[in-house]
Amino acid sequence: MCAPLIWSCARGGVRLPPQLPLNRPAQETDASRRSLPAQVHTNTLSPSSQFPTRTMSSLWSFVQEQPTAAAYAALAFIIWIAYKIASRPINYVKELSCVGFDPTLESGSAGRWKGKSRSELATEMSRMRKLGNLPPAFPNGWFALLESDTLAKSRVMHVAALGENFAVFRGESGEVYVLDAYCPHLGANMAVGGCVKGESLECPFHAWRFGGKDGQCVAIPYAEKVPEFAKARRWHSVEVNSFIFVWYHAQNEEPTWKLTALPQLAPSQWVYRGRSEFYISAHIQEIPENGADVAHLNAIHGPSLLAGGTLSTSGFLAGGSWARHLWTASWAAQTGPNEGHKAILSLVHEFRLFSKFAMIKMNVNAVQIGPGYVELSVDTTFGKAVILQSVTPVGPLLQRVIHRMYAAPSMPAPFANMIMLGEAIMFKRDIIVWNHKKFEDRPLLVREDKAINRYRRWYSQFYSENSPRLGKSPDGLDW
């Protein structure tokens, strides 16, 4: 039996011997064999491949049979989608030319600005503006250079602020360091093209390497010996409450106070709800002065949020008598041991309909810590939150202001986002004023404005004899 099979294979094909039975029914005909492929084709759809068709058919039958229930189900799905969208953390960013110049474009003099971009308008308006007798450009204190989540391990970033250029980098250990951006060898910017090696920063020009802890040069690849005097300037820095801060002092004095961590911001505690970022054409002192200027609250921030970030106090959207934000506030500098660098704004806010129905109420305790950092504790009917505000001088009259919000887990996410968005809208109303105002060093005040003078006396502690003024920079160049 094997011999015929082997012989047929040797001749180039496999032929079954006659005694081997074929594996098909005896009654199968040529015609049935020709029809077999068509039969097989009709059965190739598996049950799983028919699932979408059956599902859509079932859904359509459900809609036809239960239209009311189907409508409720569709509405529930839409509400769920809307809730998810409304719960996403906010990222609200506006450049300098985006806020505060619409009133100029809408005024009677708009013709002279025809054809100009917003950036050109912002530049020209800043040039024409009277500045007044300004305080020193950069006060002494802690200032936020970056938000923590923008700097990954083994990364370096360049930050220009406070009349300086900083190389901010995070070592392989996760520690953050701040060095002067310019290499003392030949002046290359180490934050542009440089790379992080362990806990040190390597210059891209000649690969000199500087340690983050003290700025000491630790390696020169082509030199037999590293001189002890080879060092880059190291700045005092701290990473706390989701910001990376640097200590600035015009006379290079050591930090005189510490920034402490908020327990709410510890991992697995409160929930991050978003951020806002604005650029403002103003002196830094003008921005926290709003806390002591309690009279401006009901003037600028009284109209309804529906009016948006404009200064409009009339019209249906502004609310008039049917919808108003009411504010009661008091400001006080702290005088306790190691507390002199702090001031507190106590604020009560109510949103009322027809002047008597209080719809939303919140208590805010804003702690100003030094010249450029504020921690706002917000207590509402729906839970608690904290908003962190950093004000950093990018230039003498250009401030970067960032707000970050964290809410207790019990606070509904859409309500937390509403607070965050409402704060950004209200802040835009202040920016319109700041972008155009003149600094009055001898303001005309009434008795009710006395907190402004107290604030200015308190803020003056952050200036020193060598604090740079707008007329001349520390190296003698005109700004």
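See the structure shown above.
Since this is a predicted model, take the numbers as computed values, not measurements. (Residues numbered from 1 in each chain as written. Predicted model: local features only at pLDDT ≥ 70, side-chain atom pairs only at ≥ 80, totals over all residues. Heavy atoms only, no water.)

**Here's the deal with empty space enclosed by the protein**
Summed over the entire model, instances satisfying the criterion amount to one cavity of 30 Å³ or more. There is about 60 Å³ of room inside the largest cavity. Every residue along the wall of the largest cavity is listed here: Arg129, Leu131, Leu134, Ala282, His283, Glu286, Leu397, Trp434, Lys437 and Phe439. (1 Å grid on protein atoms, 1.4 Å probe; cavity = no way out; pocket = protein on both sides within 12 Å on 5 of 7 lines; lining within 4 Å. Points joined across faces, edges and corners; volume = space filled by probe spheres on them.)

**Some points on the sheet that holds strand β8 (residues 209-211)**
Pairing in this open sheet of four strands is antiparallel, and the strands run β6-β7-β8-β9 from one edge to the other. Whereas interior strands pair on both sides, the edge strands pair on one side only; in this sheet they are β6 (195-197) and β9 (217-219). Each adjacent strand pair in this sheet contributes to an overall mean axis angle of 35 degrees, direction not counted. (Pairing = 2+ DSSP bridges. Helix = DSSP H or I, 4+ residues; strand = E, 2+ residues; numbered from the N terminus. Axes fitted to C-alpha atoms, helices over the stretch in contact; angles between N-to-C directions.)

**With respect to a nonpolar patch on the surface**
A cluster of nonpolar residues, Phe77, Ile78, Ile81 and Ile85, forms a patch on the protein surface that exposes about 410 Å² of accessible area. The residue Phe77 is located in helix α4 (residues 67-86) in this model. (Patch = residues over 30% accessible without salt bridge, like charges linked within 9 Å, V, L, I, M, F, W, Y side chains within 5 Å. Areas by Shrake-Rupley, 256 points an atom, 1.4 Å probe, with all protein chains shown as cover. Salt bridge = Lys/Arg side-chain N within 4 Å of Asp/Glu carboxyl O.)

**Digging into the side chain of His249**
Following the sequence through the fold, His249 ends up in the loop between β12 (243-248) and β13 (271-280). The exposure class assigned to His249 is buried, which follows from its relative accessible area of 9%. Polar contacts involving the side chain of His249 include one to the side chain of Glu253, which spans 3.4 Å. Excluding anything up to four places from it in sequence, His249 contacts Asn140 and Ser464. (Buried < 20%, exposed > 50% of the residue type's maximum accessible area, 1.4 Å probe, protein only. Polar contact = N/O pair within 3.5 Å; in protein donor to acceptor, adjacent residues only side chain to side chain. Contact = heavy atoms within 4.5 Å.)

**A look at the packing of aromatic side chains**
Taken as a whole and judged by the stated rule, the model has 22 aromatic pairs. Ring centres 6.1 Å apart and planes at 65 degrees place the aromatic pair Trp458 and Tyr459 in the edge-to-face group. Given a relative accessible area of 7%, Trp458 falls into the buried group. An aromatic cluster is defined as three or more aromatic residues linked by ring pairs; in this entry it consists of Trp142, Trp247, Trp257, Trp331, Tyr455, Trp458, Tyr459, Phe462 and Tyr463. In this arrangement the basic side chain of Lys94 is found over the ring face of Tyr92, its NZ or CZ atom lying 5.4 Å from the centre. Between Arg233 and the ring centre of Trp235, over which it is positioned, the NZ or CZ distance is 3.6 Å. (Phe/Tyr/Trp six-rings, centres within 6.5 Å; stacked < 30°, edge-to-face > 60°. Lys NZ or Arg CZ within 6 Å of the ring centre and 35° of its normal.)

**With respect to the layout of surface pockets**
By volume, the largest pocket is sized at about 1000 Å³. Considering each element in turn, the lining of the largest pocket owes the most residues, 10 residues, to helix α9 (residues 413-434). Here the residues of the lining of the largest pocket sort into 29 nonpolar, 11 polar and two charged. Taken as a whole, the second largest pocket encloses approximately 300 Å³ of empty space. Forming the walls of the second largest pocket are 16 residues, and the residues nearest its centre are Glu286, Glu289, Asn290, Asp293 and Lys437. Secondary-structure elements contributing two or more residues to the lining of the second largest pocket are α7 (286-292), α8 (296-300), α9 and α10 (450-459). (Nonpolar A, V, L, I, M, F, W, Y, C, P; charged D, E, K, R; others polar.)

**Topic: the state of the cysteines**
Inspection of the entire model under this criterion finds zero disulfides. Just so you know, Cys183 is unpaired, no disulfide at all, and the nearest cysteine sulfur is the one on Cys203, 4.0 Å from it. On the accessibility criterion, Cys183 (5% relative accessible area) is buried. Just so you know, Cys195 is unpaired, no disulfide at all, and the nearest cysteine sulfur is the one on Cys203, 9.6 Å from it. (Disulfide = S-S within 2.5 Å.)

**Topic: the environment of Lys342**
Looking at the element boundaries, Lys342 is found in strand β15 (residues 342-353). Put simply, Lys342 and Tyr459 are 117 residues apart on the chain and 9.7 Å apart in space, counted from C-alpha to C-alpha. Among residues more than four places away in sequence, those in contact with Lys342 are Ala333, Gln334, Val367, Gln368, Ile369 and Trp458.

**Focus on the sheet that holds strand β3 (residues 155-161)**
Strand order in the open sheet formed by four strands is β3-β4-β5-β10, and the pairing between neighbours is antiparallel. Every interior strand has two partners, whereas the edge strands, β3 and β10 (234-235), have only one.

**Some thoughts on unusual backbone geometry**
A negative phi angle characterises most non-glycine residues, just as the trans form characterises most peptide bonds. Despite not being glycine, Asn241 has its phi angle at roughly 55 degrees, a positive value. Counting through the fold element by element, Asn241 comes out in the loop between β11 (237-240) and β12. Judged by its relative accessible area of 6%, Asn241 is buried. With a phi angle near 60 degrees, Asn338 is a residue other than glycine that sits in the positive phi range. As for its position among the elements, Asn338 is in the loop between β14 (323-333) and β15.

**Overview of the nonpolar core**
The biggest cluster of nonpolar side chains holds 76 residues, and the ones touching the most others in it are Val168 and Ile280. Here the element with the most residues in this core is α9; it accounts for nine residues. Once you skip the residues sitting within four places of it in the chain, Ile280 turns out to touch Leu96, Ile287, Leu397, Leu398, Gln399, Val401, Phe427, Ile431, Trp434 and Asn435. Among the nonpolar cores identified, the runner-up in size contains 19 residues, and Val156, Ala167, Cys217 and Ala230 belong to it. (Core = buried A, V, L, I, M, F, W, Y, C linked by side-chain atoms within 4.5 Å.)

**Quick notes on the pairing of strand β17 (residues 373-380)**
With seven bridges joining them, strand β16 (residues 357-369) and β17 adopt antiparallel strand pairing. Across the sheet, residue Met362 finds its bridge partner in β17, namely Thr380. Hairpin connection, β16 to β17: the antiparallel pair is bridged by three residues, and Gly370 has positive phi, about 75 degrees. Pairing of β17 with strand β18 (residues 383-395) involves eight bridges; the strand directions are antiparallel. Bridge pairing in β18 links Leu376 to Ile387. Linking β17 back to β18 in an antiparallel pair, the connection comprises two residues.

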